[in-house]
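Now for the letters of each chain:
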Amino acid sequence: MMKCKELDFLPVILGGDITTYSLARSFHEAYGIRSLAVSMIRSRLCGDSDIIENLIVPTMDTRETFLAELVRIGQERSGKTLILLACGDWYVRMIVENRCLLEKYYVIPYIEEKLLNRLVLKDSFYEICEEIGVPYPKTYVYDCQNPPETLELPFPFPVIAKPASSAQYHYAQFPGKKKVFKFDTMEQLKTMLSNLNASSYDYKFLIQDFIPGDDTGMRILTCYCDRGGKVRFMAFGQTLLEDKGDMGIGNPVAIINRVDREIMEHARRLLEYVGYTGFANFDIKFDPRDGSYRFFEINTRLGRSNYYVTAGGFNVVPWIVDDLLRQKQFADEPVIADNTDSLYTVVPKSILKRYIKDAALREEMLSLYARGKAVNPIAYKAETKFLRRIYPYVFLWKQKRKFKGKI
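The text that follows walks through the structure, step by step, so that each part is easy to find. (Residues numbered from 1 in each chain as written. Predicted model: local features only at pLDDT ≥ 70, side-chain atom pairs only at ≥ 80, totals over all residues. Heavy atoms only, no water.)

### Overview of a nonpolar patch on the surface
So, point 1. A cluster of nonpolar side chains, namely Phe-386, Leu-387, Ile-390, Tyr-393, Val-394 and Trp-397, defines an oily patch on the protein surface of about 640 Å² accessible area.
So, point 2. By secondary structure assignment, the location of Tyr-393 is in helix α15 (residues 386-403).
So, point 3. Exposure remark for Tyr-393: the relative accessible area of 61% places this residue in the exposed category. (Patch = residues over 30% accessible without salt bridge, like charges linked within 9 Å, V, L, I, M, F, W, Y side chains within 5 Å. Areas by Shrake-Rupley, 256 points an atom, 1.4 Å probe, with all protein chains shown as cover. Salt bridge = Lys/Arg side-chain N within 4 Å of Asp/Glu carboxyl O. Helix = DSSP H or I, 4+ residues; strand = E, 2+ residues; numbered from the N terminus. Buried < 20%, exposed > 50% of the residue type's maximum accessible area, 1.4 Å probe, protein only.)

What follows is the structure, encoded as structure tokens:
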């Protein structure tokens, strides 16, 4: 096994997917250290990794186990400063709601509960956007507790529909459940709402004007705000392709790094207006009808595709360490990730060639591959175990099967 460095801190990462591995890789690249990942199931991705100590806790999704396990780890690893990182919204909420207990053992790089509740509820997020002039899609708010007698939308079909509370929606079960819906007719929309109303979900559902354009119209923006609430770092990207699975839809699987100062300024104003701290991740879409960019939502953690930032030469994790462990003073102006010569991807090139129709964008993508600028976060040369080294090839083969017939 590869020898890793021992430093005065240890990342404790909750999860077992690409998000988890990407963070562990970023820590290893920056500091040469091995992270502790707490996962519910064992996988080749994290379980066979040299850069991860993988602890398997099958019931980590229950509050009792979650708290007991983290307290135990905190007590046993008290010789180091522990940084607690979440790779799922439920984990973020559990950390934030139990901050008073957990911060005895961990550095917690997440916002306070009151602000979390204000931002993760998408209807509330759009109210903030309205207050400070950040563009967002035209939205109709459907209240599941008080459904209207007659459903009349202020915009035509097709429409997008999604839960205002992702956390509550996680537990809802009903026929045809998806992370995000697209409907072409009122009949389709009403059928889904009828099924939804029969489930445990009783908050609001957002029905939005559909912004035309394929996945390449999507944008992603990752920001870091220091402990004083000032934006210190921003990394923008253009999505080339999104996941097509029902519960994974919307997750970028390929990103080219970009720079757009106007979008970054919108995000900076919003984050500093609410006093945000830590990492934030925005989903944005270009509207070809008027040339605007519409902010869809904010994620209060690093996203699944966070490695697009590190791949572009701006490792994400030193911001946490320098700010919260070292109390570093930063320059007044935020650092902008300005290396646009980078492609993040977790799918084979053949899939991107088949999906991207824009000739210039397709040529740019192929050029990045040809010049060795395409990076897959799970294909890391530091891994030494045979099964782990062949895992990226198996993963890409699975992606080919997953996307077959969907693009």
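So, next bit.
### What to know about the pattern of salt bridges
So, point 1. Going through the model one piece at a time under the given rule, you end up with 26 salt bridges.
So, point 2. Between Asp-48 and Arg-44 there is a salt bridge, and its shortest N-O distance comes to 2.9 Å.
So, point 3. You can call Asp-48 buried: its relative accessible area is 7%.
So, point 4. Here Arg-44 falls in the partly exposed class, since its relative accessible area comes to 39%.
So, point 5. Asp-243 serves as the salt-bridge partner of Lys-402, at 2.9 Å between the closest nitrogen and oxygen. With a gap of 159 residues between them, Lys-402 in helix α15 and Asp-243 in the loop between β11 (231-242) and β12 (252-258) connect regions that are remote in the sequence.
So, point 6. Residue classification places Lys-402 among the partly exposed residues on the basis of a relative accessible area of 33%.
So, point 7. Exposure remark for Asp-243: the relative accessible area of 7% places this residue in the buried category.
So, point 8. Ionic contacts of the salt-bridge type, sharing partners, join the residues Arg-42, Arg-44 and Asp-48 into one network.

### Some details on the layout of surface pockets
The probe, sized like a water molecule, is rolled over the atoms to show the empty space still left.
So, point 1. Considered as a void within the structure, the second largest pocket measures approximately 430 Å³ in volume.
So, point 2. Taken together, 19 residues form the lining of the second largest pocket, with Asn-376, Ala-379, Tyr-380, Pro-392 and Tyr-393 sitting closest to its centre.
So, point 3. Elements represented by at least two residues in the lining of the second largest pocket include exactly β17 (374-375) and α15.
So, point 4. Ranked by residues supplied to the lining of the second largest pocket, first place goes to α15 with 5 residues.
So, point 5. In terms of residue class, the lining of the second largest pocket is made up of 11 nonpolar, 2 polar and 6 charged. (1 Å grid on protein atoms, 1.4 Å probe; cavity = no way out; pocket = protein on both sides within 12 Å on 5 of 7 lines; lining within 4 Å. Points joined across faces, edges and corners; volume = space filled by probe spheres on them. Nonpolar A, V, L, I, M, F, W, Y, C, P; charged D, E, K, R; others polar.)

### Considerations on the pairing of strand β13 (residues 278-287)
So, point 1. With 9 of 10 residues buried, β13 lies mostly within the body of the structure.
So, point 2. As judged from the 8 bridges shared by strand β10 (residues 218-225) and β13, these two strands associate in the antiparallel manner. Bridging across to β13, Thr-222 finds its partner in Asn-281.
So, point 3. Here β13 pairs with strand β14 (residues 292-299) via 7 bridges, running antiparallel. Within β14, the residue paired with Phe-282 across the bridge is Ile-298.
So, point 4. In this antiparallel pair of consecutive strands, β13 and β14, the connection spans 4 residues, and Gly-291 shows a positive phi of 75°. (Pairing = 2+ DSSP bridges.)

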